[in-house]
Amino acid sequence: MKKKIIFLGLILCLASGCTTIKNSSYEQILEQAMSSNTNITNTARSGYKYYIPKGLRLLDEEGSNEILTDGNSIYYLYVDYISYYNKIKSSYEEKENVIYSKRLENGDLFGYIEIKNTQNNQYFIEIMYNYAKIEVIVAEEKVTDAIAYSMSILTSVQYQDTVLTSLMGEDVLSSNEVVHNIFETAQTESGYLEIVEEYGTYEETEDTVDPDFIRR
């Protein structure tokens, strides 16, 4: 009898989309990504390199600001190698007034994930980890894919200390580069929407999500 009650409760949870079921899948992706210890990269920049998973493509890059797309949504990436170089630490306080909020910690690495509803009933996702941050807006059914894509990128970032030491003695920020405080979450998605407006919207393509993109 007890098994039947538990099974019925699970069915009701799945049918109603209860928070517990949704969040368990989010946390599973986060834990898997943070525990990955592979070091594969395919994109090199001045002072760091990282991995763009299959299913994403680069649209534009300006210094530490990069724009990627999965064929439908725009992913905005900012790599804060200055904070990394200066070993700046910051703590995140989890929130109760958003869809999902979690502090991310793995050894010396830290960050956060925050998911909010947008005005058009989509999900605005901010993930900061490993001194880099991604912002993206997706439909509810794409949230887990977006988290996995984002964490695949963020966990892959490898900083090149020798190059950064040289950069720190130069004017490291170009005049066109947008500087972000990665340790603070956005109050609204307005800044991100300006990026989307600039790069337009994209139709879904036939590209499929790489099932191994977290493990690289």
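None of these values were measured; they are calculated from a predicted model. Along each chain, the written sequence defines residue order, and numbers are assigned to residues from 1. Owing to the predicted nature of the model, reporting of local features is limited to residues with pLDDT of at least 70; listing and counting of side-chain atom pairs is limited to 80 or more, with chain, interface and lining totals taken over all residues. As a rule here, side-chain values come from all non-hydrogen atoms in the structure, and water together with hydrogens is ignored.

A word on the overall build of the protein chain
And step 1. Elements are defined by DSSP. Helices are runs of H or I of four residues or more, strands are runs of E of two residues or more, and each kind is numbered from the N terminus. Assigned secondary structure in the protein chain consists of 6 helices and 10 strands.
And step 2. Expressed as a percentage of contacts within the protein chain between residues at least 6 apart in sequence, the contacts between residues at least 24 apart total 61%.
And step 3. In the form shown here, the protein chain has an accessible surface area of approximately 12,000 Å², with 49% of it arising from carbon and sulfur atoms. Residue contacts are defined here by distance: any two heavy atoms, one from each residue, within 4.5 Å place the two residues in contact. For the area figures, the Shrake-Rupley method with a 1.4 Å probe applies, and any residue is considered shielded solely by the protein chains shown.

Details of the pattern of salt bridges
And step 1. Just to be clear on terms, a salt bridge is a Lys or Arg side-chain nitrogen sitting within 4 Å of an Asp or Glu carboxyl oxygen. Considering all chains together, one arrives at 8 salt bridges under this definition.
And step 2. Among the ionic pairs, Glu 61 bridges to Arg 45, the shortest N-O distance being 3.9 Å. Separated by 16 residues along the polypeptide, Glu 61 in strand β3 (residues 57–62) and Arg 45 in strand β1 (residues 43–45) bring together distant segments of the chain.
And step 3. Under the scheme applied here, a residue whose accessible area is under 20% of the maximum for its type counts as buried, over 50% as exposed, and between as partly exposed, the area being computed with a 1.4 Å probe on protein chains only. Glu 61 sits in the partly exposed class, given a relative accessible area of 32%.

Here's the deal with the sheet that holds strand β9 (residues 132–138)
Backbone-to-backbone hydrogen bonds pair the strands of a sheet. The strands run either parallel or antiparallel.
And step 1. Strand pairing is assigned whenever DSSP detects at least two bridges linking the two strands. Sheet architecture is open: 7 strands sit in the order β3-β4-β5-β9-β8-β7-β6, paired in antiparallel fashion. Either end of the sheet is taken by a strand with one partner, and the two such strands are β3 and β6 (100–106). If you compare each strand with its neighbour and ignore which way they point, the axes differ by 15° on average.
And step 2. Whenever a helix is involved, its axis is fitted only over the stretch in contact; in every case the axis is a line through C-alpha atoms, and angles between N-to-C directions fall within 0 to 180 degrees. Packed on one face of the sheet, helix α4 (residues 143–156) meets β5 (74–79), β6, β7 (109–117), β8 (123–129) and β9 and runs near 20° to β8.

Some remarks on the sheet that holds strand β2 (residues 48–50)
And step 1. Across the sheet, 3 strands lie side by side as β1-β2-β10; this open sheet has antiparallel pairing. Every other strand in the sheet has two partners, leaving β1 and β10 (158–159) as the edge strands with one partner each.
And step 2. Inspection of the sheet shows β2 paired to β10 by 2 bridges, in the antiparallel sense. Bridging from a neighbouring strand, Tyr 48 pairs with Tyr 159 of β10.

Re the packing of aromatic side chains
And step 1. Two rings from Phe, Tyr or Trp (for Trp, the six-membered ring) form a pair when their centres are within 6.5 Å of each other. A pair whose planes differ by under 30 degrees is stacked, one over 60 is edge-to-face, and the rest are tilted. Scanning the entire structure with this criterion turns up 8 aromatic pairs.
And step 2. Ring centres of Tyr 84 and Tyr 131 lie 5.8 Å apart, and the angle between their planes is 75°; on these two criteria the pair is classed as edge-to-face. Placement of Tyr 84 in helix α3 (residues 81–85) and of Tyr 131 in the loop between β8 and β9 is noted, with a sequence separation of 47 residues between them. Each member of the pair, Tyr 84 as well as Tyr 131, carries the same accessibility label: buried.

As for the confidence of the model for the protein chain
And step 1. Across the protein chain, the average pLDDT comes to 78, with 70% of residues at 70 or higher.
And step 2. The pLDDT score gives, residue by residue, the confidence of the prediction method on a 0 to 100 scale. At the level of individual helices and strands, the protein chain shows its lowest average pLDDT in helix α1 (residues 2–16), which scores 37, and its highest in β10, which scores 96.
And step 3. Segment residues 202–216: pLDDT under 50, and 41 contacts once partners within four positions in sequence are set aside and those in other chains are kept.

Regarding the pairing of β3
And step 1. Here β3 pairs with strand β4 (residues 65–69) via 5 bridges, running antiparallel. Of the residues in β4, the one forming a bridge with Asp 60 is Ile 67.
And step 2. The turn linking β3 back onto β4 is made up of 2 residues, and Gly 63 within it adopts a positive phi angle of 65°.

What to know about the nonpolar core
Nonpolar side chains in soluble globular proteins generally cluster together in the buried interior.
And step 1. If you look at the biggest cluster of nonpolar residues, it comprises 50 residues, and the most contacted ones within it are Leu 77, Ile 115, Ile 147, Met 151 and Tyr 159.
And step 2. It is α4 that provides the largest number of residues to this core, a total of 8 residues.
And step 3. Residues within four places of Ile 115 in sequence aside, it is in contact with Tyr 26, Val 98, Ile 99, Tyr 100, Tyr 123, Phe 124, Ile 125, Val 143 and Ile 147. Joining through side-chain atoms within 4.5 Å is the link that ties buried Ala, Val, Leu, Ile, Met, Phe, Trp, Tyr and Cys residues into a set, and such a set is a nonpolar core.

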